[in-house]
Amino acid sequence: MNNSHIIVSLDYAEEKPALELVTQLDPNKCRLKVGKELFTHAGPRFIEKLTDKDFDVFLDLKFHDIPNTVARACSAAADLGVWMLNVHASGGRAMMQSAREAIDKSSHQPLLIAVTILTSLSDQDLIELGITSSVEDQVLRLAELTKSAGLDGIVCSAQEVSRLRMHMGQNFKLITPGIRPAGYASDDQKRVMTPAEAISAGSDYLVIGRPVTQSENPLQALLDIEAEINVPEGG
Ligand code: C5P
């Protein structure tokens, strides 16, 4: 059984290098995230190749549209056999509830999570959008809306995890990118946390790209991260 906290982000433009990496990984030691670029290039058949290899797939397409359209897209994703998928919380309650109902009616039921405020947006950007709350407050507001619409969790920055965990309770999944193992360069990520820090702050799953995908030995990089997470505190 897969009880890994690590979701490896397949940030590739094409199927071939993505599959080259995947053949070096173990489906019991990680899950995989496929986003808009790779999905648009490689399509649903690629997702099936990953699920056929027994990988859990997080389909990161961030659906945002009218409720009926999002519900149908969620059903299509569930039919592909993905493990988790997401929508934009700013699509509103009716959109999220329609997504929830669509997943509940599917024969295969992935986790359904939401994106609150994109981490690329600042307080100033929100003002331009007519939102006067701070990013922090708006993230919390949308997290609460997500939970009350019956979704399973949210994607959030590791810096927000402890506050969100406190407000949202134990059963709400928190998925965090921006993770860097101790001693690894932060690349273009502005605020990073180590895997151990993010897990102890309350994160359920860590989205990790380059520290695994750019490693000479990706499986070893994964195992090292797993070991780092499992070291008892103070150990
Ligand atoms: O290589 P790296 O570990 O930085 O990759 C992180 C992954 O998580 C990328 O796919 C990136 O787009 C995604 N992500 C992120 N920050 C967010 C949301 C998603 O880094 N706020």
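Here, every reference points to the structure presented above.
These notes cover the structure that comes with them. (Residues numbered from 1 in each chain as written. Predicted model: local features only at pLDDT ≥ 70, side-chain atom pairs only at ≥ 80, totals over all residues. Heavy atoms only, no water.)

Focus: the pairing of strand β8 (residues 205-208)
If a strand is regular, its side chains alternate between the two faces of the sheet.
No. 1: In β8, alternate side chains face the same way, and those of Tyr 205 and Val 207 on one face and Leu 206 and Ile 208 on the other are all buried.
No. 2: By the bridge criterion, three bridges tie strand β1 (residues 6-9) to β8 in an arrangement that is parallel. The residue of β8 that forms the bridge with Ile 6 is Leu 206.
No. 3: In terms of strand pairing, strand β7 (residues 173-176) meets β8 through two bridges, oriented parallel. (Buried < 20%, exposed > 50% of the residue type's maximum accessible area, 1.4 Å probe, protein only. Helix = DSSP H or I, 4+ residues; strand = E, 2+ residues; numbered from the N terminus. Pairing = 2+ DSSP bridges.)

Topic: the site of the ligand
No. 1: As a structural note, the neighbourhood of the ligand is formed by Ser 9, Asp 11, Lys 33, Thr 119, Pro 177, Arg 180, Gln 189, Val 207, Ile 208, Gly 209, Arg 210 and Pro 211.
No. 2: A distance of 2.8 Å is found between an oxygen atom of the ligand and a side-chain nitrogen or oxygen belonging to Ser 9.
No. 3: Gly 209 places a polar main-chain atom, nitrogen or oxygen, 2.8 Å from an oxygen atom of the ligand.
No. 4: Applying the majority rule of atoms within 2 Å of the grid points places the ligand in the largest pocket.
No. 5: Of all the secondary-structure elements, those providing two or more residues to the shell around the ligand are β8 and α9 (210-213).
No. 6: Partitioning the shell around the ligand into residue classes produces four nonpolar, four polar and four charged. (Near = heavy atom within 4 Å. Polar contact = N/O pair within 3.5 Å; in protein donor to acceptor, adjacent residues only side chain to side chain. 1 Å grid on protein atoms, 1.4 Å probe; cavity = no way out; pocket = protein on both sides within 12 Å on 5 of 7 lines; lining within 4 Å. Sits in = over half its atoms within 2 Å of the grid points. Nonpolar A, V, L, I, M, F, W, Y, C, P; charged D, E, K, R; others polar.)

Quick word on the sheet that holds strand β6 (residues 153-155)
No. 1: Overall, parallel pairing links the eight strands, which are arranged β1-β2-β3-β4-β5-β6-β7-β8 in a closed barrel. When strand polarity is set aside, the average angle formed by the axes of neighbouring strands in this sheet is 25 degrees.
No. 2: Where β1 lies against strand β2 (residues 31-35), three bridges are found, and the strand directions are parallel. Looking at the pairing, Ile 7 lines up with Arg 31 of β2.
No. 3: Contacting β1 and β8, helix α10 (residues 218-230) runs over the sheet at an angle of about 145 degrees to β1. (Axes fitted to C-alpha atoms, helices over the stretch in contact; angles between N-to-C directions. Contact = heavy atoms within 4.5 Å.)

So, the environment of Asn 217
No. 1: When you line up the elements, Asn 217 lands in the loop between α9 and α10.
No. 2: On the basis of relative accessible area, Asn 217 is assigned to the partly exposed category, the value being 41%.
No. 3: In this structure, the C-alpha to C-alpha distance between Asn 217 and Leu 21, residues 196 residues apart in sequence, is 9.7 Å.
No. 4: There is a polar contact of 3.1 Å between the side chain of Asn 217 and the backbone nitrogen of Gln 220.

Some points on unusual backbone geometry
What is expected of a backbone is that most residues other than glycine have negative phi and most peptide bonds are trans.
No. 1: Positive phi values are uncommon outside glycine, yet Asp 54 reaches one of about 75 degrees.
No. 2: Phi angles above zero are rare outside glycine, and Asp 187 is one such case at about 55 degrees.
No. 3: By the element assignment, Asp 187 lies in the loop between β7 and α8 (195-201).
No. 4: By relative accessible area, which is 38% here, Asp 187 ends up partly exposed.

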